[in-house]
Amino acid sequence: MNILIFGPNGSGKGTQGALVKEKYKLDHIESGAIFRKHIGGGTELGKKAKEYIDRGELVPDDVTIAMVRDRLQQPDTKNGALLDGFPRTPAQAEALGEMLSQLGAEVNGVPLISVPDEELVNRLSGRWTCRARGHVFHEKFNPPQKPGVCDFDQSELYQRDDDRAETVRTRISVYWNQTAPLIDYYRKCGKLVEIDGNQPIECVTRDLLAALQSE
Ligand code: AP5
Ligand code: MG
């Protein structure tokens, strides 16, 4: 099963992806997290991606597609993948269709987590991310038991550089201009299921799991 978890920046893709991957034993492939790992490791790919990520823009398609193709070919994706943050452009969506068909697979479902823009800004400005494995918390909506420390692996929590208010606004406008056209693309393929993301985390999970069960 290959699921694309779709939605604007801060809608809860990472939060829900971490819960759904356990249930379905899928590999959670988060393009933003792979970029952040490269940035942390100081690789050439990381240096290139950082320029774009810091401005809130998309990393160019050729770089992003090659990175995800490489990741999808690894053996831990044999049960399928939960793709989070990829695809974000029509070229990426086409490339993904080709990659999956070469592996004898397809996109099985595209849950879209919808959240109003003003709520996205609140969510991203209060987000704290775990340094070790990317678990996410929110200072008001989903606080860690101990401030600054991850509940799951006790690593340090930090605020992402691209969560500054100005960069968040650019990211949201990039989403509407470059990524949102994919909503229609997947709706026309009959794969899209819209989920109300403007409710507590556990209610979003309940609706998401119900939508996936009917796939
Ligand atoms: P990426 O890391 O994917 O960032 P994003 O899409 O902006 O999404 P976020 O991770 O910010 O939000 P999320 O939806 O995962 O929400 P979360 O669960 O954390 O990408 C970063 C950058 O990398 C991009 O800007 C781009 O430059 C580059 N990039 C990545 N992929 C690319 C691609 N395919 N092509 C080109 N460039 C690419 O939740 C957010 C906060 O809200 C948390 O604090 C959480 O605790 C809280 N929260 C979650 N759910 C709820 C709820 N229901 N109620 C209240 N609070 C909630
Ligand atoms: Mg995320």
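Draft legend 1. Representation of the site of ligand 1. Of all residues adjacent to ligand 1, which total 37 residues, the nearest are Thr15, Glu57, Arg88, Arg127 and Arg171. Between ligand 1 and the protein, one listed contact pairs an oxygen atom with a side-chain N or O atom of Arg171 at 2.5 Å. Secondary structure elements with two or more residues in the shell around ligand 1: α1 (13-24), α2 (31-41), α6 (117-125), β6 (136-138) and α9 (201-213). At four residues, α2 tops the list of elements feeding residues into the shell around ligand 1. Here the shell around ligand 1 is composed, by residue class, of 13 nonpolar, 15 polar and nine charged.

Draft legend 2. Local environment of the environment of Val59. Mapped onto the elements, Val59 comes out in the loop between α3 (44-55) and α4 (61-72). Considered as a pair, Val59 and Ala49 are 10 residues apart in the sequence and their alpha carbons are 5.7 Å apart. Not counting residues up to four positions away in its chain, the partners in contact with Val59 are Phe35, Ala49, Tyr52, Ile53 and Thr64.

Draft legend 3. Spotlight on the sheet that holds strand β1 (residues 3-5). Here we have three strands laid out as an open sheet, ordered β1-β3-β2, and parallel in their pairing. Only two strands of the sheet have a single partner each, and these edge strands are β1 and β2 (27-30). Strand-to-strand, the axes of this sheet are offset by a mean angle of 20 degrees, without reference to chain direction. Summarising the sheet, β1 and strand β3 (residues 81-84) pair through three bridges and their orientation is parallel. Among the inter-strand pairings, Ile5 is bridged to a residue of β3, identified as Asp84.

Draft legend 4. Inspection of the nonpolar core at higher detail. Counting residues in each nonpolar core, the largest one holds 31 residues, and the members touching the most others are Leu72, Leu96 and Tyr186. At the level of elements, α2, α3, α4, β3, α5 (90-102), β4 (110-114) and α8 (181-188) are the ones that each hand at least two residues to this core. Those residues in contact with Leu96 that sit more than four places away from it in its chain are Leu4, Leu72, Leu83, Phe86, Pro87, Val107 and Tyr186. If you look at the next biggest cluster of nonpolar residues, it comprises 17 residues, including Val204, Leu208, Leu209 and Leu212.

Draft legend 5. A look at the packing of aromatic side chains. For the coordinates displayed, the defined rule picks out four aromatic pairs. Ring centres 4.9 Å apart and planes at 90 degrees place the aromatic pair Tyr185 and Tyr186 in the edge-to-face group. Assessed through its relative accessible area of 35%, Tyr185 is described here as partly exposed. A residue is classified by how much of its surface remains accessible, and Tyr186, at 4% relative accessible area, is buried. Positioned above the aromatic ring of Tyr52 is the side chain of Arg55, whose terminal nitrogen or guanidinium carbon lies 5.3 Å from the ring centre.

Each value, and the rule that gives it
Residues numbered from 1 in each chain as written. Chains lettered and ligands numbered in written order. Predicted model: local features only at pLDDT ≥ 70, side-chain atom pairs only at ≥ 80, totals over all residues. Heavy atoms only, no water. Near = heavy atom within 4 Å. Polar contact = N/O pair within 3.5 Å; in protein donor to acceptor, adjacent residues only side chain to side chain. Helix = DSSP H or I, 4+ residues; strand = E, 2+ residues; numbered from the N terminus. Nonpolar A, V, L, I, M, F, W, Y, C, P; charged D, E, K, R; others polar. Contact = heavy atoms within 4.5 Å. Pairing = 2+ DSSP bridges. Axes fitted to C-alpha atoms, helices over the stretch in contact; angles between N-to-C directions. Core = buried A, V, L, I, M, F, W, Y, C linked by side-chain atoms within 4.5 Å. Buried < 20%, exposed > 50% of the residue type's maximum accessible area, 1.4 Å probe, protein only. Phe/Tyr/Trp six-rings, centres within 6.5 Å; stacked < 30°, edge-to-face > 60°. Lys NZ or Arg CZ within 6 Å of the ring centre and 35° of its normal.

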